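# Analysis of the macromolecular model
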Amino acid sequence: MKLIGSITSPYVRKTRLVLAEKKLDYEFVQDVPWNADTQVPLWNPLGKVPVLVVDDDYVLFDSRVITEYLDSVTPNNKLIPPSGRARMFVKRWEALADGVCDAAVAAFLENRRAPRERSAAWTERQTDKVRRGIDFMEQDAGDQQWCRGTAMSLADLAVGCALGYVAFRLPEIAWRENCPKLVRVYDKLAQRPSFQETAPRE
Ligand code: GSF
């Protein structure tokens, strides 16, 4: 398998965490979709990473399709419950975490535009989504070690990627100050080699 992505993307990080936690071998092909010489559109018409190339006839995107596929590939270290409400709530956690990333990426990109082109209203709309999303995560997290119950799931990996990306790109959103349950999950994830090895960096 070949994973195409960048080392700053939280969506790419989420798939790399699943690959590591499921102990799946893969080739990591770095490609920044913003670069002029990117090859990403040849694999994904949306021009977005991550892309998982299982084989030339089996190419997957986006990150939620990839994580569901990877979890199904081997029976070990299951990260998504097999059925029912438990499965749907873990997938909702992933959707919420990805949505926080969507808003954080949008705010980050707006801040990189030329000052005269920036919309403060647009940036505020995105950062409001990030703050509301993180507040919802804190309320929804259980009182045990992980987001849902006592076992780590895809919910925790997705939340860790979102919180890590906000800390990396929007440090002014100081989520650690008022989210004790999320700090507990994040700091537990931070002890894992998979989380350390995939930390975003310029
Ligand atoms: C989002 C991927 C995405 O926006 C997923 O995989 O979950 N729903 C998709 N990736 C960004 C990189 S990053 O900001 O993480 C991307 O590839 N942007 C390039 C573009 O042209 O939007």
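Description of the structure in this document. (Residues numbered from 1 in each chain as written. Predicted model: local features only at pLDDT ≥ 70, side-chain atom pairs only at ≥ 80, totals over all residues. Heavy atoms only, no water.)

## Here's the deal with the site of the ligand
By nearness alone, every residue bordering the ligand is listed as Ser-9, Pro-10, Tyr-11, Pro-33, Trp-34, Gly-47, Lys-48, Val-49, Pro-50, Asp-62, Ser-63 and Val-105. Between Val-49 and the ligand, the recorded distance is 2.9 Å, taken from a backbone N or O atom to an oxygen atom. Contact distances for the ligand include 2.5 Å between an oxygen atom and a side-chain N or O atom of Ser-63. Its atoms largely coinciding with the cavity grid, the ligand occupies the largest pocket. Looking at the shell around the ligand, its residues break down into seven nonpolar, three polar and two charged. (Near = heavy atom within 4 Å. Polar contact = N/O pair within 3.5 Å; in protein donor to acceptor, adjacent residues only side chain to side chain. 1 Å grid on protein atoms, 1.4 Å probe; cavity = no way out; pocket = protein on both sides within 12 Å on 5 of 7 lines; lining within 4 Å. Sits in = over half its atoms within 2 Å of the grid points. Nonpolar A, V, L, I, M, F, W, Y, C, P; charged D, E, K, R; others polar.)

## Brief notes about unusual backbone geometry
Along the chain, Val-49 connects to Pro-50 via a cis peptide bond; the corresponding omega equals 10°. Within the secondary structure, Pro-50 is located in the loop between helix H2 (40-43) and strand E3 (51-55). Residues Phe-61 and Asp-62 are joined by a peptide bond in cis, for which omega reads 5°. Structurally, Asp-62 can be placed in the loop between strand E4 (58-60) and helix H3 (63-73). At Lys-23, a residue that is not glycine, the phi angle is positive and equals roughly 60°. In this fold, Lys-23 is placed in the loop between helix H1 (10-21) and strand E2 (27-30). (Helix = DSSP H or I, 4+ residues; strand = E, 2+ residues; numbered from the N terminus.)

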